[in-house]
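Chain residues, written in single-letter form:
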Amino acid sequence: MKQLGLAIDLKRCIGCKTCIVACRNFHELVNPSEAVPNQMPYYLHVESRWHGAYPSPALESWVVPCQHCPDPLCVPACPEGAIKKDPQTGIVRIDAELCNGCNAVPGQCGSEKTKSAPCAARCPAHMNVESYVRLAGNGRFKEALRVMKEDNPFPAICGRVCDHPCETECKRKDIDEAVAINFVKRHIADQDLKAETRYVPPIKAQRKEKVAVIGSGPAGLTAAYYLAREGYPVTVFEKASKPGGMLTLGIPAYRLPRDVIEAEIQVIRDMGVTIKTGVEVGKGTTVERLRKNGYKAFFFGIGTQKCKTLDVPGENLTGIYPALDYLRKVNLGEKAPLGKKVAVIGGGNAAIDGARCARRLGSPGTFILYRRSLKEMPARPEELEELEQEGIPIQTLTQPVRFIGEKGKVKAIDCVKMVLKGKDASGRRRPEPVPGSEFTIQVDGVIMALGQETDWACLTPDCACKLGDLGAMAVNPVTLQSDDADIFAGGDAVRGSSSVIEAIADGKQAAMSIDRYLKGEDLYAGRKTEWVPVENVQKEKYSPARRAVMPRLDPEKRLTGFAEVQLGLGEEQAQTEGQRCLGCSSACVQACPYGVIQFDGVKAKSHKCDLCVERVQFGEIPVCAATCLTDAIQFGELDLLRQKIAARGGEIVEALSRESILYVK
Amino acid sequence: MGTSKWVPTVCYQCKAECSILARVEDGKVKEIRGNPKSHGKVCVKGMSGPATQYNSDRLLYPLKRVGKRGEGKFERISWDEALDTITKKLKELKNRGEAHKLTASFFPHSITDPKWRFLNAYGGFINTALPHCDSAKIVAFLRTVGGVPNHHIPPAWFTMPKGGIMILAGRHAFGGLDNAAVPRDILDAKERGAKLVVLDPIFTPDAAKADQWIPIKPGGDTAFFLGMTQHIIAKNLYNKEFVDNWVRDGDFAKLKKWIADKTPEAMSKICGVEPAVIKKLAVECAKAPAVGVDSFKGIMLGQALDWGHAWNIFLAVTGNYDNPGGQPLPELTPMAPVAPGPGGPDLHELGFHRTGPNRTVFDKYGFIMEPTWYEAQAIRDDSLKVLITSECNPALTEMGQSGWQEAVTMKDSKGKYKLELLVSIELMHSETSKFADIVLPDKSYFERWELLYMPWWYNFGHGIALRQPVVEAPGECRHSNEVFIELGKRLAPEYFKFKDDLEYYDTQLAGLGLSVKKLQDMGGLWSPGTMGFYKYRAGGFGTPSKKVHLHWEDLAGAPAYQDWPRPGTAPEYEENVKEFPFILLSYRSIYHTGSGQWSHNNPHLRDSVSGMHENHLLINTATARKLGIADGDLVMVEAPNGGKVRIAARLSEGIRPDCVGMHHGFGSTIGRVATQGKGVSDNLLVPDAGATLQWQDVVAGEAHVSTRVRIGK
């Protein structure tokens, strides 16, 4: 295919913006009698960057039109299939007939549609939720997978274990119930489980700088995924015998089947990432040694493995397992005998997981002890529901004060009743012991699920980076860079115990930082840090419809093994559910990484630069090139432009020239 | 686009007046391009022309004031009533022997502008409407070489040879005002091997493309160039051929003696640039095939006439007059006079700065128009009684703008306004029209005829250009030239026997064997075909001696002491240094023209994406850190005149640590678009020029536009 494009000369662009107004005039983007500053559409904008300091600063400016990407994200993102890349010219165009403005009502959506959908704004990884859900609604599952994997390498995993804060924000709740985003996501993502429907992202370039990722949990593997996509040789070091971190070792298979994890990790392997298991950085090899071996940047996604303790007598008795140790043993198929009556102490997901595993592994008398009330439990409601279905009781407002043993093995717990008063630092009500309420519970085994902290043995003295309070690594909140310029960190290791999707978000941001760091670019420039959610959503085109219900395995059948409990929506169910999405924002505006797509609230259509195709057809050049004050813009076939640049001794600025617009120095 | 056509005309989004093509479709202006028959470029302001043309704030009918001055209350009147009111007042003024107390304030597009003719015929005066125009540059060139290279006449960058040096001394050439093609021409010259040097306390977009940025102290240009000149002479690197043949006899020997102690080391202390930098550039300039210097803000921030003088001495010593790449000396196109020609009153006797209590201060005043910035003081002095403003906005552009606003509302003992009549001829209401007694709706540059010749040298050599109507004017709009011709017919009919503006232009064009129609058929442009180099070789320079005058002996001694350039910076920088530690730089950009509504009230130019939405206080990052100011913090800026403004700080590595910058032209109070843009007016901080004569240039008419300030939270 021939690709038309522009070459923009940084030595000549003075950032004067003449082209922007010329473009608006030609495409009649504004009505001059009514136009209001800062509310006018534009197909071009100017970006600039300062280097250096007084008295020797430098300033570069350049124009950013639609990049007419070789593999445009807006094309699959459009639920209506209205955006196409022309095979003759390579120009990406929006078909005004097909574009329905993501179901907007003409003249009534104003500029709201250019903001972020609340789901995407809330999602830590800012997935283009609206796009993939509406694509599913239109039966375009293949495109939906492609869209999801732009922002998240583990949609099938997330589709099972994500705490989906997106659904909390869903505007559909104003009509009936939130869209079952996570269920739809899982249906789409299950295409990744089969090699023939799997989406493996193309590698953009070949780079030689080696990057080491320490920890193969969701944060580390996400960083590896995005770095591999940029073309870096990435090696992941994992101290356990299997990759996946908490996904593999912490989450039981009835929630997250092993083949799902394996399938999504395989995609990352297919992208060229090397995963070395059984290697613990800090013992044997060190960061310093890896630096000497040519690794230019490091990502620490080592999670939290050390279980917190209660600090009460008898905690070291046998038969008492820290939750992660117990789950690790279960997940690796090792033995962890508990007996019939098992107390699980804690109220988080690890406690629920521990209890449900114990119940499945021959402990019918499993129950949970929690010091607050049900309302304060951090575990997800749907897990509590499944817990109940599986007949596991929760004893609330109860706190162990002593473990009593016999011959070194636990046999009973002395407890005290609690009452909730005031509020603690987390905003939850603070439990206090009720004097004289002590009682004893007989048990055969105990699982302690009180939260985790990070084991930083990997940080040897050759690292300058510091740990903050609570044992998390101190990093820049935007770039995730530590005090060592080449060390970045994210996930639980930085946040303390958090969620899979937060780990994924960190891995993605860290990969962006590492890429810029290795290219010597500004780590901050142009990074989107603010997501303004749409407030006024149009509901005219929607009538109430029930939220999809997840089919689950019969509770009777569950307890005999580790078969997956949630069975997944069928195709028809996923499509119907996708149609419930209100389309709060605009899928293509959300998808475009360059911020060049405009939304016309009057016509309720997206529109953007088409390289002035109607001029080009008559042998003229695009308006921006024709009017550039300093002749900084050249138009033509990309290959010819490259030749011209080379002939004039120009240098293509690779960091900017990622798509079909070349930036020249 | 069946009914679409491209019409050649001339832009007036700013005073550069570039040749453009306007695309008209179904009677509406849709698009603008640079005219390829001229230099082919139009800037972002010019591109934004359609948004000026179709602004919903356009004035459509004559209005008369019904409230107090400044209240902005008007009612519609007929043209007859408006013209009768003005005629009556002007008759009365003339009858009482005070015709000279009429001033019209407008940008003189062309020396045969019929407005000018009216003033000469009636006996009133004109000022440029630009309180900080480059009058000192004009006076300096008149005194030295007898020519008038005003701010539209930069070096012809497209003639700059390889190895040449382009010096922008406080000149934001990429921001416009010469010709929209200047940025391209400078970058082209750079690409073929010329060097670009920018002297500016602010790192401008020009500096971003320069080979060398010299962050000079504001007003240090005189010292910098004197230091270079001293070094060139001391090293015997001066252009002997030019000096021997073209410098007035004796002047060079006097210069050599006088400049001996103006060494780079001595001048470095004044301009804040290392002696080695001054010496290196001096040697490069002496050896270069051509040096072109342009300046504008460099003029405004210092002792302008002294700088103009030092600039000319440098050009003479290096022989850079009228050579390719150097300082051009334009000639005027010979037009036929429209007879009979009115003589006009004597500026040296009757100008508004000459008739009041300060007349002796202006003894050596040498500019060809009244000093615009004395307007407010002239009202206070009772030297100005009728003011007609056109395409200007003194209520916002005057330094010490509140002083101007106070002056026009001052009343005499009988309770009558001291300024008896204020007329504003405008496209849209402005801060100024709010005070006017009569407001007249002007025609836009897409609606009127205008014959332009004088400053458009960069565009056309010594040529002329035709501005022609491309669309019909809305409502009852009339061009200010039509208004003045009508007033001429009523008040001085002997000089206004021609039918209308077109007949007037036809008469003048006859001198070239042309007519408006012919010019129109030719695409609206005429030029002799060459700008010409070394024209002085045939007939000498325009001075009495026909040679270059380096020494200005008439300015020797008190009160001026300006027979040689004074190297110091502006006097207002030397006062209040401790209490007001920073120098405020009022600066400009490509998105802005004066304080006129055509750029302020234009949505493109006030949009963050395509223009500039608000101004900030530009402050050096290190300075800000010391003061505990973060980017975006609101700070209070206070000046010695008592003015204070609150504005958001913008930290920058591109400004001297002892200066802060504020973009000029913000603080609009009227206009659908203008009032949506944020920002504040720098003129609230700058002292009223007419009331601070000790700081002003009373020889060449330059007003100082800057001040010291302090920054607080």
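This is a predicted model, so every value here is computed, not measured.

**Student:** Let's hear about the overall build of chain A: which residues, and what values?
**Tutor:** Across its full length, chain A carries 23 helices and 25 strands. Relative to a compact globule of 665 residues, whose C-alpha radius of gyration would be 26 Å, chain A shows 28 Å and is just as compact. Looking at chain A as a whole, 58% of its 665 residues qualify as buried. Taken as a whole, chain A presents about 27,000 Å² of accessible surface, with 51% of it coming from carbon and sulfur. Here chain A holds 89 positive side-chain charges and 83 negative ones, and the gap between their average locations is 2 Å.

**Student:** Describe the nonpolar core, and please don't skip the residues or the numbers.
**Tutor:** Grouped together as the largest cluster of nonpolar side chains are 159 residues, with contacts concentrated most on L102(B), F118(B), I186(B), L305(B), L440(B) and F446(B). The leading source of residues in this core is helix α3 (residues 79-95) of chain B, at six residues. If we ignore the near neighbours within four places in the chain, the residues touching F446(B) are I20(B), A22(B), V29(B), I32(B), G49(B), P50(B), Q53(B), Q468(B), P469(B), V470(B) and V471(B). If you look at the next biggest cluster of nonpolar residues, it comprises 102 residues, including L145(A), C166(A), Y295(A) and A511(A).

**Student:** Please set out the domain arrangement of chain A residue by residue, giving values where relevant.
**Tutor:** Partitioning chain A into structural domains gives domain 1 (4-65 + 622-649), domain 2 (210-305 + 454-519) and domain 3 (308-448). Here the C-alpha centre of domain 2 of chain A lies 39 Å away from the C-alpha centre of domain 1 of chain A.

**Student:** So what about the interface of chain B and chain A? Which residues, and what values?
**Tutor:** Facing 48 residues of chain B, the contacting portion of chain A comprises 45 residues. Inspection of the chain B/chain A interface yields six salt bridges. A salt bridge links E191(B) to R12(A), with the nearest nitrogen and oxygen atoms 3.3 Å apart. Here chain B and chain A share 25 residue pairs in polar contact (both at pLDDT 80 or more) between them. Sorting the residues of the side of chain B that touches chain A by element identifies β3 (28-34), α1 (44-47), α2 (49-53), α6 (182-191) and α7 (205-208) of chain B as the ones contributing at least two each.

**Student:** Residue-level account of the domain arrangement of chain B, with values.
**Tutor:** Residues and elements named next belong to chain B. Split into domains, chain B comes out as domain 1 (154-327 + 544-555) and domain 2 (571-712). Between the C-alpha centres of domain 1 and domain 2 there is a distance of 27 Å. On the side of domain 2, 24 residues touch domain 1, which itself brings 21 residues to the contact. Counting the surface lost from both domain 1 and domain 2, the interface buries some 1,700 Å², and carbon and sulfur atoms represent 68% of this. Summed over the three residues of domain 1 that lose the most area to domain 2, namely I202, M300 and L301, the buried surface amounts to 32% of that side.

The rules we used
- Residues numbered from 1 in each chain as written.
- Chains lettered and ligands numbered in written order.
- Predicted model: local features only at pLDDT ≥ 70, side-chain atom pairs only at ≥ 80, totals over all residues.
- Heavy atoms only, no water.
- Helix = DSSP H or I, 4+ residues; strand = E, 2+ residues; numbered from the N terminus.
- Rg over C-alpha atoms; globule rule 2.2 N^0.38 Å.
- Buried < 20%, exposed > 50% of the residue type's maximum accessible area, 1.4 Å probe, protein only.
- Areas by Shrake-Rupley, 256 points an atom, 1.4 Å probe, with all protein chains shown as cover.
- Lys, Arg positive; Asp, Glu negative; His and termini not counted.
- Charge placed at Lys NZ, Arg CZ, Asp CG, Glu CD.
- Core = buried A, V, L, I, M, F, W, Y, C linked by side-chain atoms within 4.5 Å.
- Contact = heavy atoms within 4.5 Å.
- Domains from an automatic or database assignment.
- Salt bridge = Lys/Arg side-chain N within 4 Å of Asp/Glu carboxyl O.
- Polar contact = N/O pair within 3.5 Å; in protein donor to acceptor, adjacent residues only side chain to side chain.
- Buried area = accessible area lost by both parts, 1.4 Å probe.

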